[in-house]
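# Topology and contacts: notes
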Amino acid sequence: MIERVYLKEYVTFDEVELEFNEVELEFSKGLIVFTGPSGAGKSVLIRGILSIFGYFDVNAKLSEALVDNKLDLSENGIEVEDEIIFKQIKKNKSRYFINNQAVSKKVVREIASKFIDYLSLRVINEFESENILKVLDKIVQEKDYYVKLEEYKKLFKKYKKLNNELNKIIEAEKNAKERIEFLKFELSKIEEINPKPEEFDELMKIKKDLSKIEKIKEKAYEVERIFEFEHSVYEFLEMIEEDSEFFSNTMNELRIAIDKAQEKAEFLENVDIEEVLERLSNLQELIRRFGSIEEALNYYDEKKEELNKLENLTFEKENIQKEIKSIYQKLTEIADYLHEKRLKAAKIFEEKLNFYLEKLYMPSAKVEVIEEELNELGKDKAEIIVNDIDINTISTGEFNRLRVALLAGKLEYEDEEKTLFLDEIDANLSGEESMSVAEVLKYLSQKYQIFAISHQPQLASLANKHFLVTKKDNKSFVKELNETERIEEIARIIGGKEKSEKAMEYAKELLKANND
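Before going into details, it helps to say that this report is about the structure given with it. Note that the structure is a prediction, hence the values are computed from the model and not measured.

### Comments concerning the side chain of serine 476
Assignment of secondary structure puts serine 476 in strand S14 (residues 475-480). For serine 476, a relative accessible area of 2% gives the class buried. Looking at serine 476, its side chain comes within polar contact range of the main-chain oxygen of alanine 40, at 2.6 Å.

### A short note on a positive patch on the surface
A surface patch of like charges, here positive, comprises Lys61, Lys91, Lys93 and Arg95. Along the chain, arginine 95 turns up in strand S6 (residues 94-98). Under the relative-accessibility criterion, arginine 95 is labelled partly exposed at 44%.

### Focus on unusual backbone geometry
Phi is positive for asparagine 99, which is not a glycine, with a value near 50°. When its relative accessible area of 19% is taken as the criterion, asparagine 99 is described as buried. With phi around 65°, asparagine 100 is a residue other than glycine that occupies positive phi space. Mapped onto the elements of the fold, asparagine 100 is located in the loop between S6 and strand S7 (101-103). A relative accessible area of 65% means that asparagine 100 is categorised as exposed.

### Details of the packing of helix H5 (residues 199-210) against helix H9 (residues 273-290)
Axis separation between H5 and H9 bottoms out at 10 Å; the angle between their running directions is 145°. Judged by the twist between their axes, the crossing of H5 over H9 is left-handed. Where H5 abuts H9, its residues Glu199, Phe200, Leu203, Met204, Ile206, Lys207 and Leu210 lie against Ile273, Val276, Leu277, Arg279, Leu280, Leu283, Gln284 and Ile287. Class assignment of the residues belonging to the contact of H5 with H9 gives a composition of 11 nonpolar, one polar and three charged.

### Let's talk about the packing of aromatic side chains
For the coordinates displayed, the defined rule picks out 17 aromatic pairs. The interplanar angle of 75° and the centroid separation of 5.8 Å between the aromatic rings of phenylalanine 56 and tyrosine 118 together place this pair among those described as edge-to-face. Here phenylalanine 56, found in the loop between helix H1 (42-52) and strand S4 (60-67), pairs with tyrosine 118, found in strand S8 (residues 116-118); they are 62 residues apart in sequence, far enough to count as distant. There is no split in this pair, since phenylalanine 56 and tyrosine 118 are both buried. Relative to phenylalanine 156, the ring of tyrosine 152 lies with its centre 6.0 Å away and its plane at 15°, an arrangement referred to as stacked. With tyrosine 152 and phenylalanine 156 both in helix H4 (residues 143-193), this residue pair falls four residues apart, about one helical turn.

### Notes on the pairing of S14
Relative to S14, strand S13 (residues 465-472) runs antiparallel, the two sharing six bridges. Within the sheet, the bridge partner assigned to leucine 468 lies in S14 and is lysine 479. The loop that links S13 with its antiparallel partner S14 comprises two residues; one of these, aspartate 473, has a positive phi angle of about 50°.

### Description of the environment of glutamate 294
When you line up the elements, glutamate 294 lands in helix H10 (residues 293-311). Considering only alpha carbons, one finds glutamate 294 and glutamate 198, 96 residues apart in sequence, at a separation of 8.3 Å. Contacts of glutamate 294, omitting those with residues within four sequence positions, involve Pro197 and Glu198.

### Remarks on the nonpolar core
With 103 residues, the main nonpolar core has Leu136, Ile384, Leu441, Leu444 and Ile450 as its most contacted residues. Here this core takes 15 residues from H4, the largest share from any one element. Membership of the second largest hydrophobic core comes to 41 residues, among which are Ala40, Phe53, Ile116 and Val478.

### Examining the packing of H5 against helix H8 (residues 245-269)
Packed helix pairs are characterised by how far apart their axes lie and by the angle those axes make with each other. Interhelical geometry of H5 versus H8 gives an angle of 100° and a closest axis separation of 11 Å. The angle between H5 and H8 places the two elements in the roughly perpendicular class. Counted together, Lys205, Ile206, Asp209 and Leu210 of H5 and Lys264, Phe267 and Leu268 of H8 form the full contact between these two elements. Looking at the contact of H5 with H8, its residues break down into four nonpolar, no polar and three charged.

Reading guide: rules and limits
- Residues numbered from 1 in each chain as written.
- Predicted model: local features only at pLDDT ≥ 70, side-chain atom pairs only at ≥ 80, totals over all residues.
- Heavy atoms only, no water.
- Helix = DSSP H or I, 4+ residues; strand = E, 2+ residues; numbered from the N terminus.
- Buried < 20%, exposed > 50% of the residue type's maximum accessible area, 1.4 Å probe, protein only.
- Polar contact = N/O pair within 3.5 Å; in protein donor to acceptor, adjacent residues only side chain to side chain.
- Patch = residues over 30% accessible without salt bridge, like charges linked within 9 Å, V, L, I, M, F, W, Y side chains within 5 Å.
- Areas by Shrake-Rupley, 256 points an atom, 1.4 Å probe, with all protein chains shown as cover.
- Salt bridge = Lys/Arg side-chain N within 4 Å of Asp/Glu carboxyl O.
- Lys, Arg positive; Asp, Glu negative; His and termini not counted.
- Charge placed at Lys NZ, Arg CZ, Asp CG, Glu CD.
- Axes fitted to C-alpha atoms, helices over the stretch in contact; angles between N-to-C directions.
- Left-handed = near helix turned anticlockwise from the far one by under 90°.
- Contact = heavy atoms within 4.5 Å.
- Nonpolar A, V, L, I, M, F, W, Y, C, P; charged D, E, K, R; others polar.
- Phe/Tyr/Trp six-rings, centres within 6.5 Å; stacked < 30°, edge-to-face > 60°.
- Pairing = 2+ DSSP bridges.
- Core = buried A, V, L, I, M, F, W, Y, C linked by side-chain atoms within 4.5 Å.
- Parallel < 35°, antiparallel > 145°, perpendicular 65-115°, else oblique.

See the structure below:
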C-alpha cells in the first residue's frame, strides 16, 4: 500500500497551468476518494501520484512515495527493509530512485506494476486466458489438483524440450549426408597424419641434434683420451694420501655421458632425415590450421563425436519419438482432468462475476473454457464474454466497471494486496447505479487500497478517507476533510455551489447510513 505521497512544484493539466507547491498526503488501507469542482485538478493529482511510479512523465520538481509492500527487489539489486521509498527529482531531466538507489523509469514501472492497477488504462491483460485460468485454478481448492497441475507443468517443459530436440534432429537429417561426407573428409586428413601429443617438439629436437651429430662424435673421441691418464691420477691421489672416491665417481659419470652420446649418435645415424623433415612439414600444416597439435586433436575428437551422432540420428530420433508419445499421453490424461475441474470452477466464477455485474448495471457474462492444443497450462483457453460483445469495443466506463466486477469476483481467491487507481468510474451513472458501484468498491477495499475520483455523493459517502481538491488563482490545493467538511462537500456535489438545507440534510443522512 501507498502510505505517503509528497509532491512539490507540480504543474500540469493540458494547457492550464496548475501548481501544487507542497502537497503532502497520508493514506491508509481502504477507499480513498477525491472530490472537488470540475477543473480543480483531481485527475492532475492522480496523474502526479502515478508519475512517481512511472505511469506518466514527471512534472513535479520533487515527488516521493512511501510504500509498505513486502516486495523482493533483490533481482533489481535494491535492498529493502520495512518500507520502500520511490523518489523522482526533476531539474534538467527526470531522475528516479528507489530506496536512494538510482534506477530507470522502466524499472520503476515494472516494480510498481506488481502492486498497482491503474483502471483508466484500457489494458486487457486481466481478460487474457492465462490470467483467467489462474483464477479458476485458485477456485478449485483441491490438493490433488495442484499436485497434478505442477506435474503437468514439469512434464510439458520436458515435452517441449524433447520436441525441440526432435526438430533439430529432423533438420539435421536433411543436411546429414553432406555433413557426414565433410566430416569424414576432415577426419581423414588428420588421420593420415596421425599426430601425437608433443610429437612436434620431439621431432624438432631430433632435427636439431642431427645438425650437430658429427661434432658430438668428434668431441666424444677427444674426451675419451682422458682415460689414458686415469691410472696416473689414482697413483697421484694415493701418493698425497687423498681419497680417490670423488675422482672415481666423476670418471664413471663421464663414461655414462659418453655412452649416452654414442647411443644417441648411433640412433641418429639410423634416422632418415628426409622422413623427419616430411613429418615436420605435415605437422606444421596442422599447426598452421589449428594453432597447435593439441588443438588439432581436440578438433578431431569433436568432429568424431559429431559424426557418430549424425550416423546414429535415426536411432536417436526413434527413441525421442517414443518418449514424446509417452509424455503426450500422460499430458493428455492430466489435461482432461484439469479441464473437468476448470469447467466446474468456471461456473462458480461466472456466478460470482454476474452477481457483481448486475450490481454494476452491466449485462451478464459467460466464463467459457474451450479445449485447444496442449499448452503450458493444459489444453484450455478461458474467455469472458459479455453479452456476446467484444470487450475491446465497449465504452471506457463499461470496461472499467467490468474490471471492477472481475476484481470483486476473484477477491476471496487473491493472496496479494494491491492499490487500485480509478478515474471517475461512476461518471454518467444514475443514483442507484452510483451506489452499486460504490458498494462494490467498498467491498474491494477490504483487501485493496483504492484511489478514486468521483463526482457522485454515493462514493464520497463511503470513503474511508475523503480529500477535497480546489483551485484558486490558478493554484490547486488538496486537504483531507473532517466529518463536518465532508457533509458540506457532499451537499455541494448534490446541490451545486448553493448548498440547500435539503442537500445538507441528505448529505448527513447519506454519511450516517454508510458509516453505521
